Amino acid sequence: MKPLYDVIIVGGGPAGCATAIALHNLGVNNTLVIEGSDYTAPRIGESIPPNSRELFEKLGIWSAFSAQKHAPCLGSYSSWGSDKLGFNDYLFNPQGNGWHLNRSAFDKFLAMQVEKLGGALLKNTHFANLSQEQHPYPIKVTLRNKAQIRCRFIVDATGRSAKVARQFNAKVRVEDQLVAVSGYFEADDIIAKESYQQMTLLEAVDYGWWYLAHLPNNKVIVTVASDAAVIKQKQLKSTDAWQHAMHLTQHISPIIAQAPPSNLHTWIAQSAIMDPPAAQCWLTVGDSASSFDPISSQGIYKALNNGIEAATAIKAWLDNNAQEINQYRNAIGHSFINYLEQKAFFYNQEQRWPDSEFWQKRQGPP
Ligand SMILES: Cc1cc2nc3c(=O)[nH]c(=O)nc-3n(C[C@H](O)[C@H](O)[C@H](O)COP(=O)(O)OP(=O)(O)OC[C@H]3O[C@@H](n4cnc5c(N)ncnc54)[C@H](O)[C@@H]3O)c2cc1C
């Protein structure tokens, strides 16, 4: 670790690594990524759409990504707005299939691409806080191990926790209280249905929705999403209640049969935007800038795209053109408004439970 960097990126998930790679591609090499984990713990978010390929190409890592051989995702089945299963495949997409990622392996792969370009990336290293002082490298970062380093520009890529932006008194504007609880199964324990293996299965219920997706390593993830209050009232964080509710689903239950999940994980899944998402000398990328309902399957795509766009703005800022930071900030706002409109449109497709609070809350204008 050096004492001075042009850019410090806090968080080595998809958004942070994409920012670092894109900065290196623009010739900004004096950067450091600080990552709190060693990429071994489970991570959430597995499906990425076919157009992710464009972003891998922009980052210059498409062939390396292809060589990783993540499982193809051919589309999705959904019972949404009707008891019957609809089918949305990628067959006619000119960019081909999407992917079901092994998330930990994918994030580790991105970190390795940063290192391959000569970028510094410290694992198991936690950002604690920062202060600003009169100095050519005015941002002083203190790590949890008390070490101190300095930079000219800092990027918050810490996901929904947004630990850096909060230090600049930025506020998270939250649109809903969505929480997701996931159970993991051995694929061998479920009733194998060939047709579901490369597809995501989505099922709306009166209190929220469930999805099922195959993961690498012969695993299947089944997730329920609803408002925090409903999750609490139905006790969906307890294995028994979760399993009971899952067995009442029409389409997911017959695939899972009687096998119990190995463990349950709870995830915050609310839609939110950081206010502001960028200012002079700092910006947010990925979930710390704005977080989307997982039903969109857009979180990783957005994280990579933010990283590419942020790098252009940071490079300009380092070259004394501050205007691009404003443009980046506005772009985050516009894309969030766009997302809210799409989200309302999507939830409006489900009209079977007009008295359900969960659906009512999501069906008005954004
Ligand atoms: C239930 C659920 C299902 C989802 N499904 C999908 C899906 O199918 N497809 C999709 O595209 N998206 C999905 N998402 C969203 C997706 O997971 C996120 O959008 C994506 O991970 C955002 O990437 P990121 O890099 O911004 O943040 P993260 O992936 O959260 O990465 C943040 C990084 O910062 C590090 N960090 C945090 N704090 C510190 C600190 N103090 N010091 C150092 N490092 C720190 C973390 O260790 C982590 O590596 C889903 C989300 C949920 C909740």
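Conventions adopted
- Residues numbered from 1 in each chain as written.
- Predicted model: local features only at pLDDT ≥ 70, side-chain atom pairs only at ≥ 80, totals over all residues.
- Heavy atoms only, no water.
- Helix = DSSP H or I, 4+ residues; strand = E, 2+ residues; numbered from the N terminus.
- Rg over C-alpha atoms; globule rule 2.2 N^0.38 Å.
- Buried < 20%, exposed > 50% of the residue type's maximum accessible area, 1.4 Å probe, protein only.
- Contact = heavy atoms within 4.5 Å.
- Areas by Shrake-Rupley, 256 points an atom, 1.4 Å probe, with all protein chains shown as cover.
- Domains from an automatic or database assignment.
- Buried area = accessible area lost by both parts, 1.4 Å probe.
- Salt bridge = Lys/Arg side-chain N within 4 Å of Asp/Glu carboxyl O.
- Polar contact = N/O pair within 3.5 Å; in protein donor to acceptor, adjacent residues only side chain to side chain.
- Nonpolar A, V, L, I, M, F, W, Y, C, P; charged D, E, K, R; others polar.
- Pairing = 2+ DSSP bridges.
- Axes fitted to C-alpha atoms, helices over the stretch in contact; angles between N-to-C directions.
- Parallel < 35°, antiparallel > 145°, perpendicular 65-115°, else oblique.
- Left-handed = near helix turned anticlockwise from the far one by under 90°.
- Near = heavy atom within 4 Å.
- Phe/Tyr/Trp six-rings, centres within 6.5 Å; stacked < 30°, edge-to-face > 60°.

Draft legend 1. Fine view of the overall build of the chain. Helices and strands together make up the secondary structure of the chain, namely 11 helices and 21 strands. Relative to the globule expectation of 21 Å for 366 residues, the C-alpha radius of gyration of the chain, 21 Å, shows essentially globular dimensions. Along the first, second and third principal axes, the C-alpha set of the chain runs to 60 × 40 × 40 Å. Burial statistics for the chain: of 366 residues in total, 51% are counted as buried. Long-range pairs, those at least 24 residues apart, make up 72% of the contacts in the chain with a sequence separation of at least 6. Surface accessibility of the chain: about 16,300 Å² in total, with carbon and sulfur atoms responsible for 50%.

Draft legend 2. View of the domain arrangement of the chain. Taken domain by domain, the chain consists of domain 1 (4–46 + 101–174 + 270–342) and domain 2 (178–268). Spacing between the C-alpha centres of domain 1 and domain 2 amounts to 31 Å. Contacts between domain 1 and domain 2 engage 11 residues on the former and 14 residues on the latter. Around 1,100 Å² of area is buried between domain 1 and domain 2 when both sides are counted, 69% of it from carbon and sulfur atoms. Counting every contact that joins domain 1 to domain 2 gives zero salt bridges. Here domain 1 is connected to domain 2 by three residue pairs in polar contact (both at pLDDT 80 or more). Of the residues contributing to the side of domain 1 that touches domain 2, the split by class is five nonpolar, two polar and four charged.

Draft legend 3. Spatial organisation of the sheet that holds strand S7 (residues 98–100). In spatial order, the strands read S3-S7-S4; together these three strands make up an open sheet with antiparallel pairing. Two strands close off the open sheet at either side, each with one partner strand: strand S3 (47–48) and strand S4 (71–73). Across three bridges, the pairing between S4 and S7 is antiparallel. The residue bridging Ala 71 from the neighbouring strand is His 100, located in S7.

Draft legend 4. Representation of the packing of helix H1 (residues 14–25) against helix H4 (residues 103–116) within the structure. Contact pair H1 / H4: the axes reach a minimum separation of 9 Å and the direction vectors enclose 20 degrees. What the angle tells us is that H1 and H4 run roughly parallel. Every pair of crossing elements has a handedness; the one defined by H1 and H4 is left-handed. Residues Pro 14, Cys 17, Ala 20 and Ile 21 of H1 lie in contact with H4, whose contacting residues are Arg 103, Phe 106, Asp 107, Leu 110, Ala 111, Gln 113 and Val 114. Looking at side-chain class alone, the contact of H1 with H4 contains eight nonpolar, one polar and two charged residues.

Draft legend 5. A look at the pattern of salt bridges. Enumeration over the complete set of coordinates arrives at 18 salt bridges. One salt bridge connects Arg 152 with Asp 6, and the closest N-O pair in it is separated by 3.5 Å. Of this pair, Arg 152 sits in strand S11 (residues 148–156) while Asp 6 sits in strand S1 (residues 4–10); the two residues are 146 residues apart in sequence, bridging distant segments of the chain. With a closest N to O distance of 2.5 Å, Asp 83 and Arg 352 form a salt bridge. Remark: Arg 352 occurs in the loop between helix H10 (323–348) and helix H11 (357–363) and Asp 83 occurs in the loop between strand S5 (75–79) and strand S6 (86–89); sequence separation between them is 269 residues.

Draft legend 6. View of the site of the ligand. In the vicinity of the ligand lie 34 residues, with Glu 35, Arg 43, Ser 47, Asp 287 and Ile 300 positioned nearest. At a separation of 2.7 Å, a nitrogen atom of the ligand approaches a polar backbone atom of Ser 47. In the model, an oxygen atom of the ligand is placed 2.8 Å from a nitrogen or oxygen of the Ile 300 main chain. Those elements giving two or more residues to the shell around the ligand turn out to be H1, strand S17 (264–268) and helix H9 (299–318). Residue contributions to the shell around the ligand peak at three residues, all from H9. A breakdown of the residues in the shell around the ligand according to their chemical character gives 15 nonpolar, 13 polar and six charged. Formed jointly, the shell around the ligand draws a minimum of three residues from each of two domains, domain 1 (4–46 + 101–174 + 270–342) and domain 2 (178–268).

Draft legend 7. Local environment of the packing of aromatic side chains. In total, this model carries 25 aromatic pairs according to the counting rule given. Centre to centre, the rings of Trp 80 and Trp 359 are 5.2 Å apart; their planes meet at 75 degrees, and the pair counts as edge-to-face. With Trp 80 in the loop between S5 and S6 and Trp 359 in helix H11, this pair connects stretches of sequence that are 279 residues apart. When its relative accessible area of 0% is taken as the criterion, Trp 359 is described as buried. Grouped by ring-pair contacts, the aromatic residues Phe 56, Trp 62, Phe 65, Trp 99, Phe 106 and Phe 109 constitute a single cluster.

Draft legend 8. Fine view of the side chain of Ser 226. Inspection of the secondary structure assignment puts Ser 226 in strand S16 (residues 219–227). Side-chain polar atoms of Ser 226 contact the backbone oxygen of Tyr 207, separated by 2.5 Å. Contacts of Ser 226, omitting those with residues within four sequence positions, involve Gln 177, Leu 178, Val 179, Tyr 207, Ile 231 and Phe 358.

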